[in-house]
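Survey of secondary and tertiary structure
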Amino acid sequence: MKKTIKVRGITIGEGAPKICVPMVGKTLTELLDEAKRLKTIDLDIVEWRADFFQQVDDIQKVKDALKQIRAILSDTPIIFTFRSAKEGGEKEISPGYYMELNKAIIETGHADIIDVELFNEESLVKSLIQSAHLNNVFVIISNHDFEKTPPKEEIVARLRRAQELGGNLPKIAVMPTCQEDVLTLLHATNTMYTQYADRPIITISMGSIGVISRLAGGTFGSALTFGSAGKESAPGQIAVSELRKTLNLLTY
């Protein structure tokens, strides 16, 4: 039986895919306005994409911002993510600072989940997973390819590696160049889910061609989907209200 992830009343890996909405404010004022707006929206989880934050190079400012976001979104699960430029993020930082930033956030107790990129040094990934689990924080181990969709076997291999490392939520997002690429992603999702996964997984085919994966990915085994409530954090995200309507039409 596959494990589920339970966080602040939300069970990931059970029933319909959960809806996550990114926060992409550049300033503290923008972030707090976003948080207040998201509090009124029918979502399940919020992801703070801290790479958009202009003061992300100041750990204390990041911690202070997260504390204020948490005060507004008191009952909502929060994912903390610094997405590196090489994986589609807004900024590049050193591996040392990436480690320091994520460990500091883990220790605040204000983030429920952190996102750690798979293609970091293995020692860094393992260290962050250990630190997170010691502080009762879940970990997404993620990989993003904004150029292409790898072969099915490679997608499955990356998800399996994320699971082997100890990530609570293996995740992959890929860019399709044709409809067949979307089928490749969905086939890989189904293979991982039915043959290898012992925990929830997250898979996404990005862009306009891949929108179906955001709507029906749960049918193939993906436990989380990303919608927008304003500015997208990745190509292909659709409005939360439309996403919820579609998920409600599907049977899980």
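Residues numbered from 1 in each chain as written. Predicted model: local features only at pLDDT ≥ 70, side-chain atom pairs only at ≥ 80, totals over all residues. Heavy atoms only, no water.

In the nomenclature of an unreviewed UniProt entry, the protein is known as 3-dehydroquinate dehydratase of Neobacillus kokaensis. Here the protein is described in UniProt, under the heading Pathway (unreviewed entry), as follows: "Metabolic intermediate biosynthesis; chorismate biosynthesis; chorismate from D-erythrose 4-phosphate and phosphoenolpyruvate: step 3/7." UniProt, in the comment section headed Subunit (unreviewed entry), describes the protein in these words: "Homodimer." (UniProt positions renumbered as here; feature names shortened; annotations may be inferred.)

1. Examining unusual backbone geometry
One non-glycine residue with positive phi stands out, namely Arg8, at about 45 degrees. Along the chain, Arg8 turns up in the loop between strand S1 (5–7) and strand S2 (10–12). With a phi angle near 60 degrees, Asn136 is a residue other than glycine that sits in the positive phi range. Among the structural elements, Asn136 can be located in the loop between helix H4 (122–134) and strand S7 (138–145). (Helix = DSSP H or I, 4+ residues; strand = E, 2+ residues; numbered from the N terminus.)

2. Thoughts on the packing of helix H3 (residues 95–108) against H4
The geometry of a pair of packed helices is captured by two quantities: the angle between their axes and the separation between those axes. Closest axis-to-axis distance for the H3/H4 pair is 10 Å, and the angle between their directions is 10 degrees. In terms of axis orientation, H3 runs roughly parallel to H4. Residue-level inspection shows Pro95, Tyr98, Met99, Asn102, Lys103 and Ile106 of H3 in contact with H4, the latter providing Leu124, Ser127, Leu128, Ser131 and Ala132. Within the contact of H3 with H4, the residues separate by chemical class into seven nonpolar, three polar and one charged. (Axes fitted to C-alpha atoms, helices over the stretch in contact; angles between N-to-C directions. Parallel < 35°, antiparallel > 145°, perpendicular 65-115°, else oblique. Contact = heavy atoms within 4.5 Å. Nonpolar A, V, L, I, M, F, W, Y, C, P; charged D, E, K, R; others polar.)

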